[in-house]
Amino acid sequence: MRLAPAGFLAFALGCAPAWHPGTPGRLALVVPDGWTVTRNYRALGGDTVVLDHDRASISVSVRRDSGRGRQLPVDLVAGVRALSWGRGVGVENAVIAEHDIEFDGRRACAVTGIRRWRTATIGYTMIYSRAADRSVELVLHAPMDELDGHAADWATFLGGFHLDVPSAVEGPLFEDDSWRR
């Protein structure tokens, strides 16, 4: 999609912030000490917030989620998202660990891995979940040798994150429903 300069300006001005500190909204989050919000916008029904600190970043992506993909298990979608990120431009991804977790009162999947592009190697940990008609993806990126050093900030961020959207499924979070069709 190519927008003319006037069209782009109208589109850019139509983007509202996804998150406002201290005010009720769709997102609530805590910015850890020393981190800076570098992106914060709501466009086309989705929310994006990015925090940076030194060579690390935390990103929040909340997007409309519809279609047949909503019927796929959260852990399957999380693994595919983790492995497909940047693949079109040559990024190589590997998953080190994957765990089903509860996050923000919802079923979620946490994925930790490595991304390589040219000579750069970056570690990441991602949490993927669903809420009503939305997918929620939170990612911490940092150089491999610095990833563990950001664990406390990541925990602060995750502890202060809340999405004010109903859960996608009511009932037990981890009910074994493999026998159902």
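Note that the structure is predicted; figures quoted are calculated from it, not measured. (Residues numbered from 1 in each chain as written. Predicted model: local features only at pLDDT ≥ 70, side-chain atom pairs only at ≥ 80, totals over all residues. Heavy atoms only, no water.)

A.B. asks: Give a detailed account of the pairing of strand β4 (residues 56-64), specifying residues and quantitative values.
C.D. replies: Every regular strand shows the same layout, with side chains that alternate between the two sheet faces. The pairing of strand β3 (residues 46-53) with β4 spans 7 bridges and is classified as antiparallel. Each bridged residue has a counterpart across the sheet, and for V49 the counterpart in β4 is V60. Between β3 and β4, which pair antiparallel one after the other, the connecting turn spans 2 residues, and D54 there sits at a positive phi close to 50°. Here 8 bridges tie β4 to strand β8 (residues 134-143), and the two strands are oriented antiparallel to one another. In the strand pairing of β8, V62 is matched with V136. (Pairing = 2+ DSSP bridges. Helix = DSSP H or I, 4+ residues; strand = E, 2+ residues; numbered from the N terminus.)

A.B. asks: An account of the packing of aromatic side chains is requested, with residue identities and associated values reported.
C.D. replies: Within this structure, the stated rule accounts for 3 aromatic pairs. Aromatic side chains F103 and F161 sit 5.8 Å apart centroid to centroid with 20° between the ring planes, which places their arrangement in the stacked category. A residue pair is termed long-range when its members are at least 10 positions apart, and F103 in strand β5 (residues 92-103) and F161 in the loop between α3 (151-159) and β9 (162-163) qualify at 58 residues. Look at F103 and you get buried, because its relative accessible area is 9%. When its relative accessible area of 5% is taken as the criterion, F161 is described as buried. Measuring from centroid to centroid gives 6.0 Å for W154 and F157, while their planes differ by 15°, and the two rings are stacked. Here W154 and its partner F157 are both found in helix α3, 3 residues apart, which amounts to about one turn of the helix. Taken individually, W154 and F157 each receive the classification buried, so the pair is uniform in this respect. Here a set of aromatic residues connected by ring pairs shows up, and it is made of F103, W154, F157 and F161. (Phe/Tyr/Trp six-rings, centres within 6.5 Å; stacked < 30°, edge-to-face > 60°. Buried < 20%, exposed > 50% of the residue type's maximum accessible area, 1.4 Å probe, protein only.)

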